[in-house]
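Each chain, written out:
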Amino acid sequence: MEGRKYFDPEIETMNRSDLEKLQLERLQWQLKRCYEESPFYRERFKSAGIKPEDIRSLGEIVRIPPVTKQELREEQLAHPPFGRYAVAPREDWAELHPSTGTTGVPVNTIWSHRDVKTIASWTARTMWSFGVRPGDIVQNAFSYGLWVAGMSVHYATQELRCFVLPIGAAMTERQIDYLLNPGSTVLICTPSYALHIAERLAQRGVSPEDIPVRRGCFGGEGGTEVPATRKKIEEGLRIDAFDYYGLAEIGPTIASECEEKAGLTWAEDHILIEVVDPNTKERCQPGETGVLVMTHLTKEATPMVRYWSNDLATVTTEKCACGRTHARSLGGILGRADDMIIYKGAKFYPIQVEKVVRGFGELSDEFRVELTTDERRGMDICTVVVEQLAEKGDAETLMSHLKKGLREELLVTPEVDIKPVGSLERTTFKAKRIVDKRKK
Ligand SMILES: [Zn+2]
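The structure reproduced in this document is the subject of the present report. Remember, predicted model here, so these are calculated numbers, not experimental data. Residues take numbers from 1 onward in each chain, read along the sequence in its written order. With pLDDT at 70 or above as the cut-off, local features in this predicted model cover only qualifying residues; side-chain atom pairs require 80 or more to be listed or tallied, and sums for whole chains, interfaces and linings still use all residues. Where side-chain values are given, they derive from all heavy atoms of the structure, hydrogens and water being excluded.

Structural notes on the sheet that holds strand β6 (residues 215-218)
And step 1. Pairing between two strands requires that DSSP report at least two bridges joining them. Each helix corresponds to a stretch of at least 4 residues labelled H or I by DSSP, and each strand to a stretch of at least 2 residues labelled E; elements are numbered beginning at the N terminus. The strand order β4-β3-β5-β6-β7-β8-β9-β13 describes an open sheet built from eight strands, whose pairing is mixed. The sheet terminates laterally at β4 (163-165) and β13 (328-329), the two strands that pair on one side only.
And step 2. Of the pairings in the sheet, the one linking β6 to strand β7 (residues 240-247) comprises four bridges and is parallel in character. In the sheet register, Gly216 faces β7, and the bridge partner there is Ala241.
And step 3. Only heavy atoms enter the contact rule, under which two residues are in contact if any of them lie within 4.5 Å. What counts as an axis is a line fitted to C-alpha atoms, over the stretch in contact for a helix, and the angles between N-to-C directions run from 0 to 180 degrees. Of the strands in this sheet, β3 (137-140), β5 (186-189), β7 and β8 (251-256) are in contact with helix α5 (residues 113-129), which crosses β8 at around 30°.
And step 4. Of the strands in this sheet, β3, β4, β5 and β8 touch helix α6 (residues 148-159), which is tilted by about 70° from β8.

With respect to the pattern of salt bridges
And step 1. Only one rule defines a salt bridge in this text: a Lys or Arg side-chain nitrogen within 4 Å of an Asp or Glu carboxyl oxygen. A full pass over the atoms with the stated rule returns 38 salt bridges.
And step 2. In this structure, Arg204 engages Asp177 in a salt bridge whose closest nitrogen and oxygen atoms are separated by 2.8 Å. Of this pair, Arg204 sits in the loop between α8 (191-203) and β6 while Asp177 sits in helix α7 (residues 172-180), and the two are 27 residues apart along the sequence.
And step 3. Partly exposed residues are those whose accessible area sits between 20% and 50% of the maximum for their type, while under 20% is buried and over 50% is exposed, using a 1.4 Å probe and protein chains only. By relative accessible area, Arg204 is classed as partly exposed at 33%.
And step 4. Salt bridges sharing partners connect three or more residues here, namely Glu173, Asp177, Arg200 and Arg204.

Structural notes on the coordination of the zinc ion
And step 1. For Na, K and Ca the donor cut-off is 3.2 Å, while for other metals it is 2.8 Å, and in both cases only N, O and S atoms qualify; water is not among them, so sites may look incomplete. Protein-derived ligands of the zinc ion are Cys258 (SG), Cys320 (SG) and Cys322 (SG), with the metal-ligand distances lying across 2.2 to 2.3 Å.
And step 2. In terms of primary sequence, the donors binding the zinc ion are separated according to C-x61-C-x1-C. Each of the two residues, Cys320 as well as Cys322, counts as buried.

What about the environment of Gln30?
And step 1. Topologically, Gln30 is positioned in helix α2 (residues 16-37).
And step 2. Each C-alpha atom of the pair Gln30 and Glu408 lies 46 Å from the other, and the pair is 378 residues apart in sequence.
And step 3. Residue contacts for Gln30: discarding those within four places in its chain leaves His296, Leu297, Thr298, Lys299 and Pro303.
And step 4. Any pair of N or O atoms that falls within 3.5 Å is considered a polar contact. Within protein, one atom must be able to donate a hydrogen and the other to accept it, and sequence-neighbouring residues count only if both atoms are side-chain atoms. Here the side chain of Gln30 touches Lys299 through a polar contact of 2.9 Å, landing on its backbone oxygen.

A look at the packing of α5 against α6
And step 1. The interhelical angle for the contact between α5 and α6, taken along N-to-C directions, is 75°, at an axis separation of 8 Å. When the axes of α5 and α6 are compared, the pair comes out roughly perpendicular. Packed against α5, whose contacting residues are Val116, Ile119, Ala120, Ser121, Thr123, Ala124 and Met127, the element α6 presents Ser152, Val153, Tyr155, Ala156, Thr157 and Glu159 at the interface.
And step 2. Three residue categories are used. Nonpolar comprises Ala, Val, Leu, Ile, Met, Phe, Trp, Tyr, Cys and Pro, charged comprises Asp, Glu, Lys and Arg, and polar comprises the others, including Gly. Residues of the contact of α5 with α6, tallied by class, amount to eight nonpolar, four polar and one charged. With respect to orientation, any angle under 35 degrees is reported as roughly parallel, any angle over 145 as roughly antiparallel, any angle of 65 to 115 as roughly perpendicular, and every other angle as oblique.

Things to note about helix α4 (residues 69-78)
And step 1. Three or more residues of α4 are buried, namely Leu72, Arg73, Glu75 and Gln76. For α4, the arc enclosing every buried residue in end-on projection is 160°, short of the 170-degree limit, so these residues lie on one face. Residues of α4 that are exposed and point more than 90 degrees away from the buried face comprise Leu77 and Ala78.
And step 2. Tucked inside the fold, the buried residues of α4 contact α3 (39-47) and β12 (307-313). Within this analysis, the arc is defined by the directions that extend from the helix axis to the C-beta atoms.

Honestly, it's all geometry; don't read function into it.
Set out below in structure tokens:
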């Protein structure tokens, strides 16, 4: 098993036309069962005036209206506790995984017993692609419990015959103890937590040379593919760092980078991926940035048909240098459609601020984008708040270089507030980058 390049060679290197044929077969199976078994979907199809058999090609899926998280939430409130979008019968249900619920009521999604196996297998495939092998000691610092990602990585380590430390997002000191002894070889967590562990490691006087960890995969939020962030994680922990992506409604760990570090590779035999313009709702041209819309091809319990993820990315179907043929999102997730900041007529996302901030050695890894109102002039003010590392450089020069860097990336100059290191709160989970204090 160790010497194999791919986890599932036939699927991972399948030529595009065979892959699309497989997708269409699975899509038609999925649409038919959604129509027959779920009143929620049947009503949606009917109001759009379509039947499953009307979808005869992958492109025709655009005729089905996308489903948003808000619609799932309303459905769940109208038909508690699970809504009517569960397609598999109750006796097949295995696990409940609601969305994290940072905004509003959590949306329930369910894994059937077969879904658990499918998810374990696609996650094992992603982990294999970034170099996890049997015998690796995997420190799984994704949260366990209801949050999906901890469980999927856990199941995948069994599939891969690894030794797993199911630590979850526990205390940072404990994470470091386990990195030292037994000496994990793989670390999995959010990128902001990886940076925090690296920061604590340095403060504790542990050299990254003294820990055997050699690779890590970081998801739950974007950032791993921001070059300066990746470099900080890789140098701070002396590892190769790879990007990871998933979401509760679709499933965890559905896309990861391979050893080429050439963007998130989608498990296209399990999901159909589209990129849609957030304003016009039309399909984007190849290479254009838009919202990821995803359809489950194999999910049994709560399949999503054209789920509007609100995550922005581009997708290419160009074959990867590793030989895999599945679509990739270069640069990973570029932001949330509703995280777009409009300031003085320019549009930008927190990930662009991150790109600039992380390029400055004088600054810590933390930053915030604060939005406030200048009541006297009745305008919004956008301030980028950063932390200066105590011993480094003169604040005035730093301020002017930072403003210049931000202007080049964002095409507008925000205010800048440089605070002493430690002023901004650290997180073990997903970092909250935008603080909106505007008077509405
Ligand atoms: Zn690749």
